[in-house]
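The primary structure of each chain is shown beneath.
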Amino acid sequence: MQGRWRMDRQLHHGNMSDIWLLQSNTVSWNLVLKSATESEKSRWAMSREIFFLSQLRGEGIPFLYHNGSQGGVPWYVMPFYQGETLRERLERLSVLPESEAVRIGRRLCKILSVLHGAKRPVIYGDLKPENILITDSGGVYLLDYGNAWIVGEDQSQIGFRGTPGYAAPECWHLEKADVGVDIFALGVTLHQMLEGGRPEEHFGKYRLHDGAQKKRWQALIHACTALNAKKRIRDIREVDRRLYAISAM
């Protein structure tokens, strides 16, 4: 890539990764370079992220343009998607209209269906507003696959996956979790888009006034966030079906 792209500016500096904007000398579109930091944990997570991005293809999944390693530190390059994270949007607007929550929710269902429907099903593992990018053109992307794992992997070997407040109970106890982990986190995120906070922060109270719609949202979110994994929705396509039913009312 040397000679064809130049570093424009640093977009992010954190404990786990550094991100730079790359500009082309020949074309009008930009790329993003994401590199691990020097820590062993960061390099391990980046290697896993590169692995999953190289295996997964679908709308809303970042395209792995190029990857490599320098001095034992892995890095990769993907297209630059102009927009804001869902976290940034919620900080700006507090809550989203129901129609927008449905649209984003269904896009996330489509992305997760690719992961869950893979030959070896993949659990994304850390769905939360910070990892959801909404582009200026309305696209929805799920970023950061360093916490993903394959169903059946020994979770005790890879450790806790997820973020407190979004992680299903089975993540905390290092049980053998499945795709229900992502459905739990999606339910929390749906609630946050509608209410401006996670379910435990509102004690089940909803700002929605429409009786029928309110009940449908409550039923969906409760079915996604059941603490008992066996009582939770088990198929992401069922979440999408219920979101479609809400949008059709």
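Colleague: Help me understand the packing of aromatic side chains in this model?
Modeller: Any two aromatic rings considered together are summarised by their centre-to-centre distance and by the angle between their planes. As enumerated under the stated definition, the model contains four aromatic pairs in all. On the basis of an interplanar angle of 75 degrees and a centroid distance of 6.0 Å, the ring pair of W29 and Y65 is categorised as edge-to-face. Residue W29 is located in the loop between β2 (17-24) and β3 (31-36), and its partner Y65 is located in the loop between α1 (40-55) and β4 (66-70); the two are separated by 36 residues in the primary sequence. Given a relative accessible area of 29%, Y65 falls into the partly exposed group.

Colleague: Whenever I open this one, the sheet that holds β3 confuses me. Can you help?
Modeller: In any sheet, the strands associate via hydrogen bonds between backbone groups, in a parallel or an antiparallel arrangement. The strand order β1-β2-β3-β5-β4 describes an open sheet built from five strands, whose pairing is antiparallel. Looking at strand neighbours, the two that pair on one side only are β1 (5-13) and β4, the edges of this open sheet. Taking each pair of neighbouring strands and ignoring which way they run, the sheet shows an average axis angle of 25 degrees. The pairing of β1 with β2 spans seven bridges and is antiparallel. Its bridge partner being in β2, R6 is matched across the sheet by Q23. Across the sheet, α1 touches β2, β3, β4 and β5 (73-79), and the angle it forms with β5 is around 40 degrees.

Colleague: Please clarify how the pattern of salt bridges should be interpreted in this entry.
Modeller: For side chains bearing opposite charge, pairing can occur when the charged atoms are close. Inspection of every chain in the model, using the stated rule, returns 16 salt bridges. Its salt-bridge partner being R87, residue E130 comes within 3.2 Å of it at the nearest N-O pair. With E130 in the loop between β7 (122-123) and β8 (132-135) and R87 in helix α2 (residues 86-93), this pair connects stretches of sequence that are 43 residues apart. According to the relative accessible area criterion, E130 is partly exposed, its value standing at 35%.

Colleague: Just checking my understanding: could you explain empty space enclosed by the protein for this structure?
Modeller: To locate leftover empty space, one rolls a probe as large as a water molecule over the atoms. One pass over the full model with this rule turns up one cavity of 30 Å³ or more. Estimated volume of the largest cavity: approximately 40 Å³. Tallied by class, the residues present in the lining of the largest cavity amount to six nonpolar, three polar and two charged.

Colleague: Whenever I open this one, the side chain of D18 confuses me. Can you help?
Modeller: As for its placement among the helices and strands, D18 is situated in strand β2. K34 provides the closest opposite charge to the buried, salt-bridge-free D18, at an N-O distance of 11 Å. Polar contacts involving the side chain of D18 include one to the side chain of H13, which spans 2.4 Å. Filtering out sequence-adjacent residues up to four positions away, D18 remains in contact with Q10, H12, H13, L33, K34, S35 and T37.

Colleague: I would appreciate a short explanation of the nonpolar core in the present structure.
Modeller: As a rule of thumb, nonpolar side chains are buried together in soluble globular proteins. Counting 65 residues, the largest nonpolar core has L142, Y145, W217, L220 and V239 as its most contacted members. Per-element accounting of this core gives the leading share, nine residues, to helix α6 (residues 180-195). In this structure, V239 is in contact with C109, I183, L186, L220, C224 and I233, ignoring residues within four places of it in sequence.

Colleague: Can you help me understand the packing of α6 against helix α9 (residues 236-248) in this one?
Modeller: Each pair of packed helices gets described by two things: the angle between the helix axes and the distance between those axes. Running from N to C, α6 and α9 point in directions that differ by 25 degrees, and their axes come no closer than 10 Å. Compared by their axis directions, α6 and α9 come out roughly parallel. At the point where α6 passes α9, the crossing takes the right-handed sense. Where α6 abuts α9, its residues I183, L186 and L190 lie against I236, V239 and L243. Grouping the amino acids of the contact of α6 with α9 by side-chain chemistry returns six nonpolar, no polar and no charged.

How each quantity is defined
- Residues numbered from 1 in each chain as written.
- Predicted model: local features only at pLDDT ≥ 70, side-chain atom pairs only at ≥ 80, totals over all residues.
- Heavy atoms only, no water.
- Phe/Tyr/Trp six-rings, centres within 6.5 Å; stacked < 30°, edge-to-face > 60°.
- Helix = DSSP H or I, 4+ residues; strand = E, 2+ residues; numbered from the N terminus.
- Buried < 20%, exposed > 50% of the residue type's maximum accessible area, 1.4 Å probe, protein only.
- Pairing = 2+ DSSP bridges.
- Axes fitted to C-alpha atoms, helices over the stretch in contact; angles between N-to-C directions.
- Contact = heavy atoms within 4.5 Å.
- Salt bridge = Lys/Arg side-chain N within 4 Å of Asp/Glu carboxyl O.
- 1 Å grid on protein atoms, 1.4 Å probe; cavity = no way out; pocket = protein on both sides within 12 Å on 5 of 7 lines; lining within 4 Å.
- Points joined across faces, edges and corners; volume = space filled by probe spheres on them.
- Nonpolar A, V, L, I, M, F, W, Y, C, P; charged D, E, K, R; others polar.
- Lys, Arg positive; Asp, Glu negative; His and termini not counted.
- Polar contact = N/O pair within 3.5 Å; in protein donor to acceptor, adjacent residues only side chain to side chain.
- Core = buried A, V, L, I, M, F, W, Y, C linked by side-chain atoms within 4.5 Å.
- Parallel < 35°, antiparallel > 145°, perpendicular 65-115°, else oblique.
- Left-handed = near helix turned anticlockwise from the far one by under 90°.

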